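Inside the fold
Chain by chain, the residues run as shown.
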Number of protein chains: 2
Amino acid sequence: MRIVQKYGGTSVGSLARIRAVAQRCMETKAEGDNELLVVVSAMAGETDRLIAMANRLLDGGEGRGDSLAGQAWVAPKRSGNASYERELSQLISTGEKVSAAMVAMAINEMGGQAVSMVGHQLGLRTDRRFTNARIQAIESERLERAFERGQIVVCAGFQGIDPEGNITTLGRGGSDTSAVALAAAVKADVCEILTDVDGVFTTDPRIVPNARKLRRIAHEEMIELASLGAKVLQIRSVEFAMKYGVALHVRSSLNRNEGTWIVAEDRDMESVVVRGVALDRNEAKVTLTDCPDVPGTVSTIFQTLGGAGIVVDMIIQNASRNERTDVTFTVPESELERAGELLRELPLLTNAGTEILTDRDICKISIVGVGMRTHAGVAAKAFAALAEEDINIQMVSTSEIKVSVVVEERYGELALRALHDAFVLDAAPK
Amino acid sequence: MRIVQKYGGTSVGSLARIRAVAQRCMETKAEGDNELLVVVSAMAGETDRLIAMANRLLDGGEGRGDSLAGQAWVAPKRSGNASYERELSQLISTGEKVSAAMVAMAINEMGGQAVSMVGHQLGLRTDRRFTNARIQAIESERLERAFERGQIVVCAGFQGIDPEGNITTLGRGGSDTSAVALAAAVKADVCEILTDVDGVFTTDPRIVPNARKLRRIAHEEMIELASLGAKVLQIRSVEFAMKYGVALHVRSSLNRNEGTWIVAEDRDMESVVVRGVALDRNEAKVTLTDCPDVPGTVSTIFQTLGGAGIVVDMIIQNASRNERTDVTFTVPESELERAGELLRELPLLTNAGTEILTDRDICKISIVGVGMRTHAGVAAKAFAALAEEDINIQMVSTSEIKVSVVVEERYGELALRALHDAFVLDAAPK
């Protein structure tokens, strides 16, 4: 077997953890004489430490950011400036280089044979978007030569080079995407995402205690269940895996249990109507009352928001009366204020006397399953379950494999439990 | 003018110092519309932090080495093992990458135009000796393109790539060598070594208060005065500068004063008989009494030591009596014990009943000047000066531009002052 394993920042977050990773790499290689390519993130906190150090450099501050390890994501200072983003990528890509060399060193010390690949050595070619680069091609000759020599190839995640040889980085969670892309390039049998949870669950186990670990899930389902998966792996990497037919296996780095396989949909999967339910608290609702119901109104609104980089999720337009209509949609909560400001400056709305109402106290619940395509009545069953709990549904949107509803935020957890029960997700599929 | 500037670890050792470096780069570029290439070391303590972290990884320890900054040089754990040294180079080369990106970022923030070059981007090709690589060629097209765009090129020192694209490092002080090699490759008018002293002095000012800062010194003289220069710049870089005719200017990063130019010897320089005097306390003396005076004895002794990597400096063989002779030589004090052990295992000596005497309490004083070639009597004058102070000379060796004497260690500083006075080194040459 040819196996790709990706270890995140927590898994390489200490010297003891690095040695444990090295040990697991040795064992994985030994089981059945496998070929192994490992992708590592920066040690937990290291990327933020480097960004914080750069921020303080520009602020006129002092320190190397040693105290920052473990803090939440630090925002870069001068996003949008190409020179800055180039240097930021050159800077923060060192974190994964350190991890890769350390893991390779630990494997060699244990008597294994490993070689680290960083920066240009990976052959991972990207476009020129320095801190949010897209992979364009992978030259895998060098990786193949290492396989031929029987070496474990330890790759620095998150980084590539652009056509000029500048270091680029793939954005937050980019090491997952590195792993999937490398798995596709070397035609790996599986890309294992080693993390600190046991796999992907039918829903968030902290809210629904009888949530069940999924044995398998289709790529599409995983993408729709982003809010479950985001803690486990970057959704972009799943899109990549779907595109290139890479089988992902999300499992714990702390034990050898089987985790969750994220695979291409097959007929067998359709027998399960609902795979999982997810709760997203980070949305907010905007209602525009009495919009002029003439051609171009709605497109102007959403072009304005889109042009400002605000992603609109669910959209509902009510039936028109007196050539007026209400438009309701959701945006990320963090963008709500900016969305409101932009809309209040639109003459189209202000001239018409449109009221712009915003509501942060909502949440979105999504029911996902590829089996919905062939089974009717999923939405009806969901609505019934919510009605039984007296939960009012504010918005609904459906796709082929998803039903999403917006409810008042305080009912979110109750709604999630009700739906998990209604679709009997705690029971393993027959 | 095309200028190369090299900033050491202390000069980029804090965010404030990095901003000061950026400021100086901007000013240097602006003065006379210069082209500027900057070479930076890792932030002070960073290389040792990384080595210490790797050591602890292999020892089974914990920690990232944060507490180590400022400590003296940390020895790598598994020197001599190629896989280890490859990974160590991949690891420790990240220190200079961080500095280069930070300096470039600071220059851009101040409104300048800078671009960092690290790893493969430098075009600095070396052999395959991972942690002690030798430069073989520099592909400077990329650097030239950056000059054409008017950019300040900020290069990560200490690193290159071997023919396979592995990262190599140039050994301790390697950033000096990077700077000289890059200066040679881009045909710079001068390579400035920015450091925390004002230049090279006629001798150690801490011992001889009236030591004088030299305005100029020949490459050869600087190499012979290694013990003065070692604190300022890597001697290997001076050899490189001599070979490729690069003019070096050692000056302070803290002020704009002229420092010391290290230049190719010219006729003018010969008018100065003695350029400087240096004291080396790190030598020890070995005396072999009653060695068999037959062909091959001496070569066996020094082949044994050389084969073990022990560098022998001064060698004296006394006149033979009864087919026996005394051999005396010096080795680095740190190697004295090992040298003794090796010699005590030599049948040639043990069979002959040779006594192996060792003495740590010595030091070496060297008088250096290219003018000696054309002036007689330097040694005689030196001996007279020492005799006047009742200092006994244990060993003497001379070269074209140097006279070295070994004296008892406790007389070392007195001897240095006596010689500095005898050759009136505190007075500027006419």
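Residues numbered from 1 in each chain as written. Chains lettered and ligands numbered in written order. Predicted model: local features only at pLDDT ≥ 70, side-chain atom pairs only at ≥ 80, totals over all residues.

**A word on the overall build of chain A**
Using the following cut-off: Put simply, DSSP H or I for four residues or longer makes a helix, DSSP E for two residues or longer makes a strand, and each gets a number counted from the N terminus. Two things to know: the radius of gyration comes from C-alpha atoms, and the globule rule equals 2.2 Å times the number of residues to the power 0.38. To sort residues by exposure, count the other C-beta atoms lying within 10 Å of each residue's C-beta; 20 or more gives buried, 12 or fewer gives exposed, and values between give partly exposed, all with C-beta atoms placed from the backbone. Once C-beta atoms have been placed from the backbone, residue pairs whose C-beta atoms lie within 7 Å are recorded as contacts.
Scanning chain A from terminus to terminus reveals 14 helices and 20 strands. What you see for chain A is a C-alpha radius of gyration of 24 Å, in line with the 22 Å of a compact globule of 430 residues. Seen along its three principal axes, the alpha-carbon backbone of chain A occupies a region of about 75 × 60 × 35 Å. Across the 430 residues that make up chain A, the buried fraction comes to 48%. Relative to all contacts within chain A whose residues are 6 or more apart in sequence, the contacts with residues 24 or more apart total 74%.

**Things to note about unusual backbone geometry**
Residues and elements named next belong to chain A. Even without a glycine there, the phi angle at D33 is positive, about 50 degrees. Structurally, D33 is set in the loop between α1 (15-30) and β2 (35-40). Even without being glycine, K187 reaches a positive phi, approximately 55 degrees. Its location among the elements puts K187 in the loop between α6 (174-185) and β9 (190-195). Taking the number of C-beta atoms within 10 Å as the measure of exposure, K187 has 11 and is therefore exposed.

**Some details on the interface of chain B and chain A**
Which entries qualify depends on this criterion: Classification convention: Asp, Glu, Lys, Arg as charged; Ala, Val, Leu, Ile, Met, Phe, Trp, Tyr, Cys, Pro as nonpolar; all other residues, Gly among them, as polar.
Between chain B and chain A, the contact holds 33 residues from the first and 34 residues from the second. Among the elements of the structure, α1 (15-30), α2 (46-59), α3 (82-92) and α4 (94-109) of chain B are those that each provide at least two residues to the side of chain B that touches chain A. Here the side of chain B that touches chain A gets ten residues from one element, more than from any other, and that element is α4 of chain B. For the side of chain B that touches chain A, a count of residues per class yields 15 nonpolar, twelve polar and six charged.

**What about the pairing of strand β16 (residues 324-332) of chain B?**
All names here are of chain B. Let me state the cut-off plainly: In this analysis, strands are considered paired if DSSP registers two or more bridges between them.
Judged from the eight bridges that link them, strand β14 (residues 283-292) and β16 form a sheet pairing that is antiparallel. When the bridges of β16 are listed, V286 appears paired with F329. Where strand β15 (residues 315-317) and β16 come together, three bridges link them in antiparallel fashion. Paired with I315 across the two strands is F329, which belongs to β16. From the end of β15 to the start of β16, which pair antiparallel, there are six residues, and N322 there has a positive phi angle of about 55 degrees.

**Some points on the relation of the copies chain B and chain A**
Basically, it comes down to this: A least-squares fit on C-alpha atoms brings the copies together, and the residues used are those whose pLDDT is at least 70 in both copies.
When chain B is fitted onto chain A, the two copies agree to an RMSD of 0.1 Å after a turn of 180 degrees and an axial shift of 0.0 Å. In symmetry terms, the pair is related by a two-fold rotation axis. The C-alpha atom lying nearest the rotation axis in chain B is that of T94 of chain B; the distance is 2.9 Å.

**A short note on the sheet that holds strand β3 (residues 114-117) of chain A**
All names here are of chain A. Note the threshold: The axes used here are C-alpha line fits, helices contributing only the stretch in contact, and every angle between their N-to-C directions lies in the interval 0 to 180 degrees.
Strand order across the open sheet formed by eight strands is β3-β6-β2-β1-β9-β11-β12-β10, with mixed pairing between neighbours. The open sheet has two free edges, formed respectively by β3 and β10 (216-218), since each of these has just one partner strand. Taking the axes of each pair of neighbouring strands and ignoring which way they run, one obtains an average angle of 20 degrees across the sheet. As paired elements, strand β1 (residues 2-7) and β2 share six bridges and run parallel to each other. Paired with I3 across the two strands is L36, which belongs to β2.

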